[in-house]
Amino acid sequence: DQQVKQNSPSLSVQEGRISILNCDYTNSMFDYFLWYKKYPAEGPTFLISISSIKDKNEDGRFTVFLNKSAKHLSLHIVPSQPGDSAVYFCAASAWYYNQGGKLIFGQGTELSVKP
Amino acid sequence: EPEVTQTPSHQVTQMGQEVILRCVPISNHLYFYWYRQILGQKVEFLVSFYNNEISEKSEIFDDQFSVERPDGSNFTLKIRSTKLEDSAMYFCASADSTGEKLFFGSGTQLSVL
(Lines give C-alpha, C1' and ligand atoms only; values in the text may rest on other atoms or scores of the structure.)
Protein backbone atom coordinates (compact mmCIF):
# COMPACT_ATOMS: atom_id res chain seq x y z
CA ASP A 1 0.00 0.00 0.00
CA GLN A 2 2.06 2.90 -1.33
CA GLN A 3 -0.63 5.54 -1.68
CA VAL A 4 1.69 8.25 -0.37
CA LYS A 5 5.35 8.19 -1.36
CA GLN A 6 8.34 10.21 -0.33
CA ASN A 7 11.08 9.01 -2.63
CA SER A 8 13.98 10.76 -0.93
CA PRO A 9 14.87 9.11 2.38
CA SER A 10 17.28 11.92 3.24
CA LEU A 11 18.18 15.49 2.31
CA SER A 12 21.11 17.61 3.40
CA VAL A 13 21.01 21.40 3.10
CA GLN A 14 23.22 24.28 4.17
CA GLU A 15 21.85 26.66 6.79
CA GLY A 16 20.13 29.66 5.19
CA ARG A 17 19.38 27.85 1.93
CA ILE A 18 16.05 26.44 0.78
CA SER A 19 14.95 22.91 1.69
CA ILE A 20 12.51 21.27 -0.70
CA LEU A 21 10.83 18.04 0.37
CA ASN A 22 8.68 16.17 -2.10
CA CYS A 23 5.70 13.85 -1.85
CA ASP A 24 3.62 11.98 -4.43
CA TYR A 25 0.25 10.33 -4.00
CA THR A 26 -1.84 7.97 -6.08
CA ASN A 27 -5.34 8.10 -4.60
CA SER A 28 -7.53 10.66 -6.40
CA MET A 29 -9.87 10.79 -3.42
CA PHE A 30 -7.25 12.46 -1.25
CA ASP A 31 -8.29 16.07 -0.72
CA TYR A 32 -6.39 17.17 2.37
CA PHE A 33 -2.65 17.03 2.80
CA LEU A 34 -0.46 17.64 5.82
CA TRP A 35 3.21 17.80 6.70
CA TYR A 36 4.43 16.58 10.05
CA LYS A 37 7.84 16.95 11.62
CA LYS A 38 9.22 14.24 13.88
CA TYR A 39 12.17 14.13 16.23
CA PRO A 40 13.52 10.79 17.53
CA ALA A 41 11.47 9.31 20.40
CA GLU A 42 8.73 11.92 19.95
CA GLY A 43 5.38 11.91 18.20
CA PRO A 44 4.79 13.62 14.84
CA THR A 45 4.14 17.35 15.22
CA PHE A 46 1.77 19.09 12.82
CA LEU A 47 3.55 21.64 10.63
CA ILE A 48 1.33 22.84 7.81
CA SER A 49 -1.58 21.61 5.70
CA ILE A 50 -3.33 22.30 2.41
CA SER A 51 -6.75 21.56 1.06
CA SER A 52 -7.17 20.40 -2.52
CA ILE A 53 -9.06 23.59 -3.37
CA LYS A 54 -5.78 25.50 -3.01
CA ASP A 55 -2.42 25.17 -4.70
CA LYS A 56 -0.33 26.98 -2.12
CA ASN A 57 -0.37 27.58 1.62
CA GLU A 58 2.21 29.61 3.49
CA ASP A 59 3.06 29.85 7.19
CA GLY A 60 6.18 31.80 8.03
CA ARG A 61 9.21 29.98 6.66
CA PHE A 62 7.10 27.02 5.50
CA THR A 63 5.18 26.84 2.22
CA VAL A 64 3.35 23.84 0.84
CA PHE A 65 2.61 23.60 -2.88
CA LEU A 66 0.04 21.23 -4.33
CA ASN A 67 -0.08 20.12 -7.97
CA LYS A 68 -3.27 18.09 -8.28
CA SER A 69 -2.80 17.13 -11.90
CA ALA A 70 0.60 15.64 -11.09
CA LYS A 71 -0.58 14.30 -7.71
CA HIS A 72 2.45 15.93 -6.18
CA LEU A 73 3.08 18.19 -3.24
CA SER A 74 6.18 19.81 -1.86
CA LEU A 75 7.25 21.54 1.32
CA HIS A 76 9.61 24.50 1.04
CA ILE A 77 11.52 25.74 4.06
CA VAL A 78 13.19 29.12 3.59
CA PRO A 79 15.60 29.89 5.11
CA SER A 80 16.55 26.51 6.56
CA GLN A 81 17.84 26.45 10.14
CA PRO A 82 19.75 23.75 12.04
CA GLY A 83 16.71 23.32 14.33
CA ASP A 84 14.74 22.17 11.27
CA SER A 85 16.77 18.95 11.22
CA ALA A 86 14.21 16.16 11.72
CA VAL A 87 12.21 13.58 9.80
CA TYR A 88 9.41 15.12 7.74
CA PHE A 89 6.32 13.08 6.92
CA CYS A 90 3.80 13.86 4.24
CA ALA A 91 0.27 12.63 5.01
CA ALA A 92 -3.03 12.61 3.13
CA SER A 93 -6.68 12.01 3.83
CA ALA A 94 -9.94 11.81 1.91
CA TRP A 95 -11.49 14.35 4.25
CA TYR A 96 -14.49 15.34 2.10
CA TYR A 97 -15.58 11.71 1.81
CA ASN A 98 -14.70 10.68 5.35
CA GLN A 99 -14.42 13.53 7.85
CA GLY A 100 -12.17 12.48 10.68
CA GLY A 101 -10.88 9.59 8.61
CA LYS A 102 -7.40 8.18 8.79
CA LEU A 103 -4.25 9.84 7.56
CA ILE A 104 -2.01 7.85 5.23
CA PHE A 105 1.66 8.65 5.78
CA GLY A 106 4.63 8.60 3.48
CA GLN A 107 7.89 6.94 4.50
CA GLY A 108 9.45 10.18 5.65
CA THR A 109 12.46 12.26 4.58
CA GLU A 110 15.23 12.94 7.04
CA LEU A 111 16.34 16.56 6.69
CA SER A 112 19.74 17.60 7.92
CA VAL A 113 20.52 21.32 7.98
CA LYS A 114 24.22 21.97 8.37
CA PRO A 115 25.52 25.17 9.99
CA GLU B 1 -0.93 24.46 24.80
CA PRO B 2 -3.14 21.37 25.05
CA GLU B 3 -1.44 18.11 24.21
CA VAL B 4 -2.07 14.41 23.87
CA THR B 5 -0.55 12.50 26.78
CA GLN B 6 0.53 8.87 26.59
CA THR B 7 1.60 6.51 29.35
CA PRO B 8 3.84 4.67 29.86
CA SER B 9 6.62 6.00 27.66
CA HIS B 10 8.22 2.53 27.60
CA GLN B 11 6.65 -0.88 28.15
CA VAL B 12 8.54 -4.17 28.16
CA THR B 13 6.51 -7.37 28.18
CA GLN B 14 6.85 -11.07 27.57
CA MET B 15 5.37 -12.65 24.49
CA GLY B 16 1.80 -13.80 25.15
CA GLN B 17 1.16 -11.23 27.87
CA GLU B 18 -1.57 -8.60 27.72
CA VAL B 19 -0.64 -4.91 27.57
CA ILE B 20 -2.72 -1.78 27.88
CA LEU B 21 -1.43 1.46 26.42
CA ARG B 22 -3.05 4.59 27.78
CA CYS B 23 -3.75 7.97 26.24
CA VAL B 24 -5.43 11.18 27.34
CA PRO B 25 -6.51 13.01 24.18
CA ILE B 26 -6.99 16.78 23.97
CA SER B 27 -10.13 17.53 25.96
CA ASN B 28 -12.51 18.95 23.35
CA HIS B 29 -11.47 16.57 20.59
CA LEU B 30 -13.95 14.13 19.11
CA TYR B 31 -11.88 11.82 16.90
CA PHE B 32 -9.32 9.41 18.36
CA TYR B 33 -6.72 7.23 16.72
CA TRP B 34 -3.96 4.74 17.31
CA TYR B 35 -1.00 4.49 14.96
CA ARG B 36 2.24 2.58 15.24
CA GLN B 37 5.72 2.82 13.79
CA ILE B 38 7.98 -0.19 13.61
CA LEU B 39 11.62 0.88 13.70
CA GLY B 40 12.71 2.22 10.31
CA GLN B 41 9.25 1.95 8.77
CA LYS B 42 6.42 4.33 8.09
CA VAL B 43 3.75 5.45 10.56
CA GLU B 44 0.87 2.98 10.12
CA PHE B 45 -2.80 3.48 10.92
CA LEU B 46 -4.34 1.00 13.34
CA VAL B 47 -7.79 2.25 14.32
CA SER B 48 -10.01 5.32 14.52
CA PHE B 49 -12.72 5.91 17.10
CA TYR B 50 -15.62 8.35 17.01
CA ASN B 51 -18.89 8.67 18.91
CA ASN B 52 -17.93 5.77 21.20
CA GLU B 53 -17.34 3.26 18.47
CA ILE B 54 -14.67 2.14 16.04
CA SER B 55 -15.11 4.01 12.76
CA GLU B 56 -12.32 2.32 10.84
CA LYS B 57 -9.61 -0.26 11.45
CA SER B 58 -6.68 -1.59 9.47
CA GLU B 59 -5.72 -5.18 8.70
CA ILE B 60 -3.18 -4.98 11.52
CA PHE B 61 -5.98 -4.38 14.04
CA ASP B 62 -7.08 -8.01 14.41
CA ASP B 63 -8.96 -9.75 17.22
CA GLN B 64 -5.95 -9.39 19.53
CA PHE B 65 -6.44 -5.62 19.59
CA SER B 66 -9.19 -3.61 21.22
CA VAL B 67 -9.80 0.02 22.11
CA GLU B 68 -11.86 1.63 24.80
CA ARG B 69 -12.80 5.08 26.00
CA PRO B 70 -13.97 4.10 29.47
CA ASP B 71 -14.55 7.43 31.17
CA GLY B 72 -14.74 10.26 28.64
CA SER B 73 -11.12 11.26 29.06
CA ASN B 74 -8.90 8.19 28.64
CA PHE B 75 -8.48 6.25 25.42
CA THR B 76 -6.80 2.87 25.69
CA LEU B 77 -5.35 0.29 23.33
CA LYS B 78 -5.24 -3.29 24.58
CA ILE B 79 -3.22 -6.05 23.00
CA ARG B 80 -4.55 -9.31 24.40
CA SER B 81 -1.65 -11.66 23.68
CA THR B 82 1.44 -9.86 22.47
CA LYS B 83 3.67 -11.19 19.70
CA LEU B 84 7.27 -10.33 18.92
CA GLU B 85 6.14 -8.42 15.84
CA ASP B 86 4.00 -6.10 17.98
CA SER B 87 7.20 -4.39 19.11
CA ALA B 88 6.87 -0.82 17.88
CA MET B 89 6.29 2.77 18.92
CA TYR B 90 2.56 3.26 19.43
CA PHE B 91 1.13 6.74 18.93
CA CYS B 92 -2.23 8.01 20.09
CA ALA B 93 -3.75 10.96 18.23
CA SER B 94 -6.86 13.08 18.44
CA ALA B 95 -8.63 15.60 16.23
CA ASP B 96 -11.28 18.25 16.84
CA SER B 97 -14.74 18.41 15.30
CA THR B 98 -13.38 19.25 11.84
CA GLY B 99 -11.37 16.04 11.81
CA GLU B 100 -8.75 17.75 9.69
CA LYS B 101 -5.53 17.81 11.71
CA LEU B 102 -4.40 15.04 13.99
CA PHE B 103 -2.40 15.87 17.09
CA PHE B 104 -0.12 13.10 18.26
CA GLY B 105 1.20 12.07 21.65
CA SER B 106 4.86 11.35 22.24
CA GLY B 107 4.31 7.61 21.97
CA THR B 108 4.75 4.39 23.96
CA GLN B 109 7.70 2.25 22.96
CA LEU B 110 6.50 -1.36 23.31
CA SER B 111 9.12 -4.09 23.42
CA VAL B 112 7.92 -7.69 23.32
CA LEU B 113 10.56 -10.22 24.42
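Above: the structure in question.
Residues numbered from 1 in each chain as written. Chains lettered and ligands numbered in written order. Predicted model: local features only at pLDDT ≥ 70, side-chain atom pairs only at ≥ 80, totals over all residues. Heavy atoms only, no water.

(A) The sheet that holds strand E1 (residues 4-5) of chain A, seen in detail. Residues and elements named next belong to chain A. One open sheet holds the five strands; their spatial order is E1-E3-E8-E7-E6, and the pairing between them is antiparallel. Each edge of the open sheet is held by one strand with a lone partner, namely E1 and strand E6 (56-59). Summarising the sheet, E6 and strand E7 (residues 62-67) pair through four bridges and their orientation is antiparallel. The partner of glutamate 58 across the bridge, within E7, is threonine 63. (Pairing = 2+ DSSP bridges. Helix = DSSP H or I, 4+ residues; strand = E, 2+ residues; numbered from the N terminus.)

(B) Local environment of the pattern of salt bridges. A full pass over the atoms with the stated rule returns six salt bridges over all chains. A salt bridge links Lys56(A) to Glu58(A), with the nearest nitrogen and oxygen atoms 3.9 Å apart. Residues Glu44(B) and Arg36(B) are paired through a salt bridge, measuring 3.5 Å at the closest nitrogen-oxygen approach. With relative accessibility at 8%, the residue Arg36(B) sits in the buried group. Through salt bridges that share partners, Arg36(B), Glu44(B) and Asp86(B) make up one connected network. (Salt bridge = Lys/Arg side-chain N within 4 Å of Asp/Glu carboxyl O. Buried < 20%, exposed > 50% of the residue type's maximum accessible area, 1.4 Å probe, protein only.)

(C) View of the environment of Phe105(A). All names here are of chain A. Following the sequence through the fold, phenylalanine 105 ends up in strand E10 (residues 104-105). The class for phenylalanine 105 is buried, based on a relative accessible area of 1%. The spacing of phenylalanine 105 and lysine 5 is 100 residues in sequence and 8.1 Å in space, taken between C-alpha atoms.

(D) Quick peek at the pairing of strand E3 (residues 19-25) of chain A. Residues and elements named next belong to chain A. A one-sided burial pattern is seen for E3, the buried positions being Ser19, Leu21, Cys23 and Tyr25 and the unburied ones Ile20, Asn22 and Asp24. With two bridges joining them, E1 and E3 adopt antiparallel strand pairing. Within E3, the position partnered with valine 4 by the bridge is tyrosine 25. Two strands pair when backbone bridges link them, and E3 and strand E8 (residues 72-77) are joined in this way by six bridges, in the antiparallel orientation. Looking at the pairing, asparagine 22 lines up with serine 74 of E8.

(E) Representation of the interface of chain A and chain B within the structure. Counting residues at the interface gives 24 residues for chain A and 19 residues for chain B. Carbon and sulfur atoms supply 57% of the area that chain A and chain B bury against each other, a total of about 1800 Å² over both sides. Here chain A is connected to chain B by one salt bridge. Residue Lys102(A) pairs with Glu56(B) through a salt bridge whose shortest N-O separation is 3.1 Å. On inspection of chain A and its partner chain B, the count reaches five residue pairs in polar contact (both at pLDDT 80 or more). Of all the elements in the fold, those that place two or more residues in the side of chain A that touches chain B are strand E4 (32-38) and strand E5 (45-51) of chain A. It is E4(A) that contributes the most residues to the side of chain A that touches chain B, four residues altogether. Looking at the side of chain A that touches chain B, its residues break down into eleven nonpolar, nine polar and four charged. (Contact = heavy atoms within 4.5 Å. Buried area = accessible area lost by both parts, 1.4 Å probe. Polar contact = N/O pair within 3.5 Å; in protein donor to acceptor, adjacent residues only side chain to side chain. Nonpolar A, V, L, I, M, F, W, Y, C, P; charged D, E, K, R; others polar.)

By themselves, these observations are geometric and do not establish any function.
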